[in-house]
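Structural overview
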Amino acid sequence: MAALESNVVAFDAMHNKHKDVHRRNDQTRLIAECRTILTDQSHELMQAFFAKVDDELFKMSDKAENSATQSLYFEAMRYIRRERDNLTTRYIEELSQRYDEFWRSKPVKAVSPKDGAGLLGGEDDFALVDDEILEENLAITSMIEKGNTLFHRELFALGKRFGSFLGRDEVAAELNPVSPTVLCRGFESVMKPQLLELKVKLLIYKLFEHQVLNAFGNAYQDMNAYLANEGVLPSIAKNFKRQGGLVSPATRNELDQAAQKIGRALEENDPSDAAVYIEAFHAMQSLLDGWRQQLGLPAQAAGLLPGETACEAGEVLNALSLLQQPSLLPNVGGEGITGEGLKLYVANQLGRIAPDSSNRPLGRLEEDIIDMVAMIFDFILEDRNLPDPVKALIARLQIPLVKVAILDKSFFAKKNHPARILLNCLSQAGIALDVADSENPVFLKIEQVVGRVLGEFDQNVDLFAELLEEFTEFVGKESQRSSVLEERTRQSTQSKEQLRLAKRMVAYEIESRLRQREVAQPVKAFLLNAWNDVLVLAYLRKDKGGEDWEHGLAVMDKLLWSVTPPVDDKGRRELLAAIPGLVKSLTAGLDGISFDSLRGRALIQDLEEVHREALRAAPQPLTKPRKETDSGLEITIRDPELAEAIREIRANLPDIDNLDALEIGGNHPNSEEIVLESLRDFSVGNDEFDCKARSLNIGEWVEFVDESSNKSSRAKLSWKSQVTSLYVFVNRKGVKVAEMSLGELARRFRIGAARVVEGATVPLMDRALSALMNTLKNPVKKAEPQV
């Protein structure tokens, strides 16, 4: 019996064994399918990535300032074209190998920086490394941080699902085999051996971030959707936490109070009590703590071990002073340094100058300031108002401003702090510059100021006040010169428009009379080529007194009456009596504008002949004058603007055709309204672009993009007409660079060929600090993970 029992196999045990084998096979299939999604999506994104790299390297080569730089980018472009297929293959293999290795080794926990695999890619914690290697490592680290923040929701869900395959609650984000860490480190291992200059590699890393990493969300979503459809639905909390999670209502109340304190401090221009600044700074630290807590970002100073001390402020300042030297300044391709990146730089520099300090963390104050200044520069360098060359210069001031904030806590809250005002002045001057303006005096002056800060600023904050005074004086002189030219441009344009309006008014008055009369050619020639100038000058002087204008019109009416055959003997006698005085008035009018005397006498003689013919003609019955359909245009008009005005008036003003005969010969009461209406831009509607063009204020800057060359340039609205809606733009020197109608400006806004430089009148630091406050008060909201 015992022997029989020993040969019995439990049915439940056998069933569970088969079930376990089936489960493992099913998991293998799911893991393999996720691997396929990973490699297929990566391959597709890499194709688009290398196409973008080719375009950017070509542009950089084309824009290079010298032959050496041009050759550098051109050779890099050729190298990438030759190696792109090989690089893509190696990258896909690297991702596949790391993915497979994860499922073979099934790691339990991530290796911390203290264990020797920190952010410097496997070096000892904050070990001394070559500057170029450090910059390359920091570029990768920055990408990983951004990727983890961007896709935290998708990674959380994938971590839960992958964890279910391993019998765990979840797989940590840093261990996930498809995480941004794997994507970026895999690309790093492929690119590091390539024989390319550092600036080229940094450009390629930045493009990888934009073209591959930022677009990888689709792959994460596909994996989650596939696993969800296959029934991999672990328990995923709707309101999950990321390390710190959401703050409590009490903490939120404290943060709101801190924000109010800062708001009160920022509203004061220069409060006498310095404690207000310190209180505002501490409130900002509270907001920063809450922001870190909500995003689950650890602080170095918060992790001090028992007996461990942080680096002193003086040590950090010394390290920053060395780092700000132009020869050692981190090359970030014109972009700001991330807070984490700058902390690594500082730690690395501390290791150089004081080896025993390399393992000590930063103090809380220094760490907070580094993070806050980094966030301010993130806003500054994303601001479209600043041209790229100016951004590249201002980016170099990040380290000096960290030092200023450490030395003087009022930097964040004091609006008239010299360092803040200097930064505002540099950016305001830079707004007027074009991308290609790297050789003009203003750009060179900004470059000089930045160079002096980097070379001379140690711990004497008064240097910023000195540089501010010097730069303000320079800008004042430049502004004075440009203002003179701008005023001349404005006056010239305004005079031209007044002349245009005057000629349009004269064209209307002459045409409205000739249109309904049968007039001899000499009379038309006199009015259109001589008396028109008398009327134009009279209209231009109308503001000083309208007598000349009214008199000129009256003389014209009398002339037209005088060349009409009289209806009876009484009319002939009146005409004979009036002609001498009329000729005298006509001659005086021509003399008043210094009209050519020989031509004037000839024209008067022609009129006298018309008068004789009118007197010789038999009396004519009083009838309504015959409408002439093409009056005036058979006469060669010497002034082309007047000729064009007459054509436009005749084409666009049907009101003239409807004038009654009794109105002819008098100044029509609505003549100015009719002429002004003819000058109106009828192409303007009321959509958002028309409204934007209409509401543009004098002094605002607009960036125009040439529709043929795609090159951009900036111009300031110097003058706009309330009559013709003509807009005149000048460059920073005050020279007119564009003149267009309201409708044309709206059209350019509509097609993206123009954009208003928004916020150019608001100081840069004010806008940056407002953005910082908004970020700290409103962290990235936790979205529900995909399940």
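Note that the structure is a prediction, hence the values are computed from the model and not measured.

1. Regarding the overall build of the protein chain
Along the protein chain, the regular secondary structure elements total 27 helices and five strands. Burial status across the protein chain gives 48% buried among its 787 residues. A separation of at least 24 residues holds for 77% of the contacts in the protein chain among residues at least 6 apart in sequence. Total accessible area computed for the protein chain in this model is approximately 38,700 Å², and 51% of it derives from carbon and sulfur atoms.

2. A short note on the side chain of asparagine 529
With respect to the element layout, asparagine 529 can be found in helix α19 (residues 521-540). Within the local environment of asparagine 529, its side chain forms a polar contact with the backbone nitrogen of arginine 638, the two atoms lying 2.8 Å apart. When neighbours within four sequence positions are excluded, asparagine 529 is seen to be in contact with Phe595, Arg599, Ile635, Thr636, Ile637 and Arg638.

3. Examining the confidence of the model for the protein chain
Low pLDDT means the predicted coordinates in that region are not meant to be read closely. On average, residues of the protein chain carry a pLDDT of 78, and 75% of them reach 70 or more. Mean pLDDT across the elements of the protein chain bottoms out in helix α1 (residues 2-6) (41) and peaks in helix α6 (residues 180-191) (93). Low confidence marks residues 237-248, where pLDDT is under 50. Its contacts with residues over four positions away, or in another chain, come to 26 contacts. For residues 781-787, every residue scores under 50 in pLDDT, and the model assigns this stretch 28 contacts once sequence neighbours within four places are set aside.

4. Topic: the environment of phenylalanine 474
Relative to the helices and strands, phenylalanine 474 is located in helix α18 (residues 462-514). In this structure, phenylalanine 474 is in contact with Pro441, Val442 and Lys445, ignoring residues within four places of it in sequence.

5. A short note on the pattern of salt bridges
Enumeration according to the criterion identifies 44 salt bridges in this entry. When the shortest N-O distance is used, the salt bridge between arginine 35 and aspartate 100 registers 2.9 Å. Taken together, the residues span a long stretch of sequence, with arginine 35 in helix α2 (residues 11-63) and aspartate 100 in helix α3 (residues 67-105) at a distance of 65 residues. By relative accessible area, which is 30% here, arginine 35 ends up partly exposed. Residues glutamate 209 and lysine 206 are paired through a salt bridge, measuring 3.2 Å at the closest nitrogen-oxygen approach. Within this pair, glutamate 209 and its partner lysine 206 are both found in helix α7 (residues 198-213), separated by three residues, close to a single helical turn.

6. Here we look at the sheet that holds strand β1 (residues 701-705)
Strand order in the open sheet formed by five strands is β4-β3-β2-β1-β5, with antiparallel pairing between adjacent strands. Both outer strands of the open sheet, β4 (736-741) and β5 (754-756), are each paired with one neighbouring strand and no more. Between one strand axis and the next, the sheet turns by 35° as a mean value, whatever way the strands run.

7. Some thoughts on the packing of aromatic side chains
Tallied over the full model, the rule gives 20 aromatic pairs. Considering the side-chain rings of tyrosine 91 and phenylalanine 187, the 5.9 Å spacing of their centres and the 85° angle between planes classify their relative orientation as edge-to-face. Taken together, the positions of tyrosine 91 in helix α3 and phenylalanine 187 in helix α6 put the pair 96 residues apart, joining distant regions of the chain. Neither tyrosine 91 nor phenylalanine 187 differs from the other in exposure class; each is buried. With a centroid separation of 5.9 Å and an interplanar angle of 85°, the aromatic rings of tyrosine 91 and phenylalanine 208 are classed as edge-to-face. Taken together, the residues span a long stretch of sequence, with tyrosine 91 in helix α3 and phenylalanine 208 in helix α7 at a distance of 117 residues. Here the two residues tyrosine 91 and phenylalanine 208 agree in accessibility, since each one is buried.

8. A word on the nonpolar core
Among the nonpolar cores identified, the biggest contains 75 residues, and Leu342, Val346, Ile380, Phe412, Ile446 and Phe464 are the most heavily contacted of them. Top contributing element to this core by residue count: helix α13 (residues 364-382), with nine residues.

9. Focus on helix α20 (residues 547-562)
An ideal rise of 1.5 Å per residue puts 22 Å on 16 residues; α20 measures up with 22 Å between its terminal C-alpha atoms. Along α20, the residues classified as buried are Trp549, Gly552, Leu553, Val555, Met556, Asp557, Leu559, Leu560 and Ser562. Residues of α20 that are buried make contact with α18, α19, α21 (569-592) and α22 (597-616).

10. Re the environment of leucine 365
Its location among the elements puts leucine 365 in helix α13. Measuring from C-alpha to C-alpha, the distance between leucine 365 and glutamine 285 comes to 8.4 Å, with 80 residues separating the pair along the chain. Residues in contact with leucine 365, not counting those within four places in the same chain, are Phe281, Gln285, Ile406 and Lys409.

11. Side note on the pairing of strand β3 (residues 726-730)
Of all five residues making up β3, five are buried, and the element is well covered by its neighbours. Taking every second residue as pointing to the same face, both faces of β3 are buried, with Leu726, Val728 and Val730 on one and Tyr727 and Phe729 on the other. Linking strand β2 (residues 712-720) to β3, which pair antiparallel, is a turn of five residues; within it serine 725 sits at a positive phi near 60°. Looking at chain direction, β3 and β4 are connected through five bridges and run antiparallel. By the bridge assignment for β4, tyrosine 727 is matched with methionine 740. Following β3, the chain reverses through five residues before pairing antiparallel with β4; glycine 734 in that reversal takes a positive phi of roughly 90°.

12. A look at the pairing of β1
The side chains of a regular strand alternate, first on one face of the sheet and then on the other. Counting buried residues along β1, four of its five residues qualify, which places the element largely inside the surrounding structure. With five bridges joining them, β1 and β2 adopt antiparallel strand pairing. In the sheet register, valine 702 faces β2, and the bridge partner there is alanine 715. Counted between consecutive antiparallel strands, the loop separating β1 from β2 contains six residues, among which asparagine 710 sits at a positive phi close to 65°. Alignment of β1 against β5, held across three bridges, turns out to be antiparallel.

13. Re unusual backbone geometry
Unlike most non-glycine residues, serine 594 shows phi in positive territory, near 55°. With respect to the helices and strands, the residue serine 594 is situated in the loop between α21 and α22. Among the residues examined, serine 594 registers a relative accessible area of 67% and is labelled exposed.

14. Examining the packing of helix α5 (residues 152-165) against helix α8 (residues 217-229)
Put simply, α5 and α8 touch, their axes get as near as 10 Å, and they point 40° apart. It follows from the interaxial angle that α5 and α8 lie oblique. Crossing angle aside, the handedness with which α5 passes α8 is left-handed. Contacts from Glu154, Leu155, Ala157, Leu158, Arg161, Phe162 and Phe165 of α5 reach α8 at Tyr220, Gln221, Met223, Asn224, Leu227 and Ala228. For the contact of α5 with α8, a count of residues per class yields nine nonpolar, two polar and two charged.

15. Description of the packing of helix α16 (residues 418-431) against helix α27 (residues 764-777)
As a packed pair, α16 and α27 sit with axes 7 Å apart at the nearest point and diverge in direction by 110°. As summarised for this structure, α16 and α27 are arranged roughly perpendicular, according to the angle between their axes. Of the residues in α27, those in contact with Arg420, Leu423, Asn424 and Ser427 of α16 are Leu764, Met765, Asp766 and Leu769. Considered class by class, the residues forming the contact of α16 with α27 number four nonpolar, two polar and two charged.

Definitions and limits used
- Residues numbered from 1 in each chain as written.
- Predicted model: local features only at pLDDT ≥ 70, side-chain atom pairs only at ≥ 80, totals over all residues.
- Heavy atoms only, no water.
- Helix = DSSP H or I, 4+ residues; strand = E, 2+ residues; numbered from the N terminus.
- Buried < 20%, exposed > 50% of the residue type's maximum accessible area, 1.4 Å probe, protein only.
- Contact = heavy atoms within 4.5 Å.
- Areas by Shrake-Rupley, 256 points an atom, 1.4 Å probe, with all protein chains shown as cover.
- Polar contact = N/O pair within 3.5 Å; in protein donor to acceptor, adjacent residues only side chain to side chain.
- pLDDT = per-residue confidence, 0-100.
- Salt bridge = Lys/Arg side-chain N within 4 Å of Asp/Glu carboxyl O.
- Pairing = 2+ DSSP bridges.
- Axes fitted to C-alpha atoms, helices over the stretch in contact; angles between N-to-C directions.
- Phe/Tyr/Trp six-rings, centres within 6.5 Å; stacked < 30°, edge-to-face > 60°.
- Core = buried A, V, L, I, M, F, W, Y, C linked by side-chain atoms within 4.5 Å.
- Expected span 1.5 Å × (residues − 1).
- Parallel < 35°, antiparallel > 145°, perpendicular 65-115°, else oblique.
- Left-handed = near helix turned anticlockwise from the far one by under 90°.
- Nonpolar A, V, L, I, M, F, W, Y, C, P; charged D, E, K, R; others polar.

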